[in-house]
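# Tertiary structure, described
Each chain is listed here by its residues.
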Amino acid sequence: MNLPARRLLPALIPLFLTACAGSVPKPVPQAAAPTVAPVAPVEDVAMAPKLMRPDQPADFWADMRDSFAMPGCEADPQVLAWARMYTRQPNRFEQQVNEVLPLIVYAHKSAMKHSVAGEFALLPWVESQYRHVPGGKNRPAGMWQIMPQTARTLGLRVDKNYDERLDITKSTESVMNMMRRYYDDLGDWRLVDVAYNAGEFGLKKTIDKHGGPSGDDGLPDVPMKAGTKEHLVKLMAMACIVRDPARFNVSLPRQDRENTLQVVTVSGPQSLAQAAKQSGLSMNDLRDFNPAYRTTKGTVSSSLLLPKSAADQYRLGPVDPVADVADADVDEADADVPTKTGKRGKTAKSAKSGKTPSRTKAADVAKAPVTSKTKADDTKVVIHKVNNGESLWSIARRHQVSVEQLMKWNDLQTQAVKPGQVLKLTASR
């Protein structure tokens, strides 16, 4: 390379590089985007019921604890003493609570409706253990143990055919309304119980004379009779057990929605026999939920109280008419049936039912539990065939056994039973 060329080369290199950097690249051909067909809108899809997760049942006892308004277990040593007395046989206590749980739930619902302290849903335990006690002359009646004079004050009907003190719905509503009125006057739920037991006017006279209770969280320091004080202590003891059942080695039963009591409106007057058939209940079970009817020839004109399963069936509508029960003063549960010796004898009454002795027709006797005897061990096996509208709870209550026993004897995993199912009422030996 000659000398002039060498001198020009350094000057040409920058110009060449600048030209290369400024050149426009050729465009790269792009592939055409594929055409996408429009998507049709998705319609609502109805989920099959079996795929839906059922609502978890609410903890009834937790709700009850939240509604308590009286002092707790430490209010007085007598409260703990009575709580231990009630639960000295834990299994028996659990069975008793389970038998009356639908009534406890119903009373608590009414208490919440009237803004009454939750403890008063447990008051029938103190009064009657939720038994439908028939009232004699000048005697208290029903699970609330309402005196005749109090019934008149509350506007409850009491006559030879119908006693609203035993009407679970009307008596509970009346009592809860009265409790609220007492609290509005007295301002202390402990005094409300005292007034219920001893009388409102007597308590007011005592307060006017001695003054009201102090602000202590114990028992109210107001003069009262020993029986009235014990009444309050027992109520607080039951609430104490509900507050802390593990403290007393008991487990409170879970609420079964199928046993929830419901008020069913009756569209027109109908006989008890017709109402029993429409609900799928026996006359005995119907009157157990509606004990105000003193005879089987009563006429239903406004409403009935039924467990959910029977209420659902009743709402399906009328069924074929049925004849009235032959005896106006009878109850199917306590029928005269032949004994093993051939004599006529009464079947045992439930200690909680408060029913009167009765007779029944042959067709009803056929529905009674069947007793069979095996040749191998010569032991009796009592069985029961489930009827329409019956639940495990109602069967257990009728035959004075616990739901847990029935489940154990029949290897049941749940409390669900169906018509025609055969249950053993005794343990296999």
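Before any of the text, the structure's been laid out above.
All of the points below concern the structure found in this document.

About the thresholds
- Residues numbered from 1 in each chain as written.
- Predicted model: local features only at pLDDT ≥ 70, side-chain atom pairs only at ≥ 80, totals over all residues.
- Heavy atoms only, no water.
- Helix = DSSP H or I, 4+ residues; strand = E, 2+ residues; numbered from the N terminus.
- Buried < 20%, exposed > 50% of the residue type's maximum accessible area, 1.4 Å probe, protein only.
- Contact = heavy atoms within 4.5 Å.
- Areas by Shrake-Rupley, 256 points an atom, 1.4 Å probe, with all protein chains shown as cover.
- Axes fitted to C-alpha atoms, helices over the stretch in contact; angles between N-to-C directions.
- Parallel < 35°, antiparallel > 145°, perpendicular 65-115°, else oblique.
- Left-handed = near helix turned anticlockwise from the far one by under 90°.
- Nonpolar A, V, L, I, M, F, W, Y, C, P; charged D, E, K, R; others polar.
- Polar contact = N/O pair within 3.5 Å; in protein donor to acceptor, adjacent residues only side chain to side chain.
- Arc of directions from axis to C-beta.
- Core = buried A, V, L, I, M, F, W, Y, C linked by side-chain atoms within 4.5 Å.
- Disulfide = S-S within 2.5 Å.
- Expected span 1.5 Å × (residues − 1).

On to the overall build of the chain. Helix and strand counts for the chain come out as 16 helices and nine strands. Within the chain, the fraction of its 429 residues that count as buried is 43%. The long-range share in the chain, meaning contacts at least 24 apart out of those at least 6 apart in sequence, stands at 67%. On the chain, roughly 24,500 Å² of surface is accessible, and the fraction owed to carbon and sulfur atoms is 54%.

Moving on to the environment of Met407. By the element assignment, Met407 lies in helix α16 (residues 403–409). According to the relative accessible area criterion, Met407 is buried, its value standing at 18%. Distance in space between the C-alpha atoms of Met407 and Lys424 is 9.5 Å, their sequence separation being 17 residues. With residues near it in sequence (within four places) discarded, Met407 still touches Leu392, Leu412, Gln413, Thr414 and Gln415.

What follows covers the packing of helix α7 (residues 168–186) against helix α8 (residues 189–198). Where α7 meets α8, the closest approach of the two axes is 9 Å, and the angle between their N-to-C directions is 125 degrees. Relative to α8, the element α7 is oriented oblique. Like other packed secondary-structure pairs, α7 and α8 cross with a definite hand, here right-handed. For the pair α7 and α8, the contacting residues are Val175, Met178, Met179, Arg180, Tyr182, Tyr183 and Leu186 in the first and Trp189, Leu191, Val192, Ala195 and Tyr196 in the second. When the residues that make up the contact of α7 with α8 are grouped by side-chain class, the tally is eleven nonpolar, no polar and one charged.

Relative to the assigned elements, Ser271 resides in strand β2 (residues 270–271). The exposure class of Ser271 is buried, given its relative accessible area of 18%. A distance of 3.1 Å separates a polar side-chain atom of Ser271 from the backbone nitrogen of Gln274.

Another aspect to go through is helix α9 (residues 200–210). For α9, every residue scored as buried is listed here: Glu200, Leu203 and Thr206. End-on, the buried residues of α9 take up no more than an arc of 125 degrees, which puts them together on one face. Residues Phe201, Lys205, Asp208 and Lys209 are exposed on α9 and point more than 90 degrees away from its buried face. A positive phi of about 90 degrees marks Gly211, the residue just after α9.

Our focus in this paragraph is unusual backbone geometry. One non-glycine residue with positive phi stands out, namely Gln129, at about 55 degrees. Position of Gln129 relative to the elements: it lies in the loop between α5 (123–127) and α6 (148–154). Gln129 gets classed as partly exposed once you look at its relative accessible area, which sits at 26%. A positive phi angle is found at Asn249, which is not glycine, with a value near 60 degrees. Position of Asn249 relative to the elements: it lies in the loop between α10 (226–243) and β1 (261–265).

Proteins that are soluble and globular tend to have nonpolar side chains buried together. One finds Trp61, Met64, Ile104, Phe120, Leu122, Trp144 and Leu306 to be the most contacted residues of the largest nonpolar core, which totals 102 residues. Setting aside anything within four residues of it in sequence, one finds Met64 in contact with Ile104, His108, Gly118, Ala121, Leu122 and Val242.

As enumerated under the stated definition, the model contains one disulfide in all. Across the disulfide from Cys73 sits Cys240; the S-S distance is 2.1 Å. Negative torsions about the S-S bond denote left-handed disulfides, and the value of about 110 degrees found for Cys73 with Cys240 makes this one right-handed. A residue pair is termed long-range when its members are at least 10 positions apart, and Cys73 in the loop between α2 (60–67) and α3 (77–86) and Cys240 in helix α10 qualify at 167 residues. For the pair shown, Cys73 and Cys240 are each scored as buried.

Let us now look at α7. For α7, spanning 19 residues, the distance from its first C-alpha to its last is 26 Å, which sits close to the expected 27 Å at 1.5 Å a residue. Ile168, Thr169, Ser171, Thr172, Ser174, Val175, Met176, Met178, Met179, Tyr182 and Leu186 are the residues of α7 that are buried. Capping the start of α7, Asp167 holds a side-chain oxygen 3.0 Å from the backbone nitrogen of Thr169, two or three residues further along. Gly187 sits one or two residues past α7 and shows a positive phi near 75 degrees.

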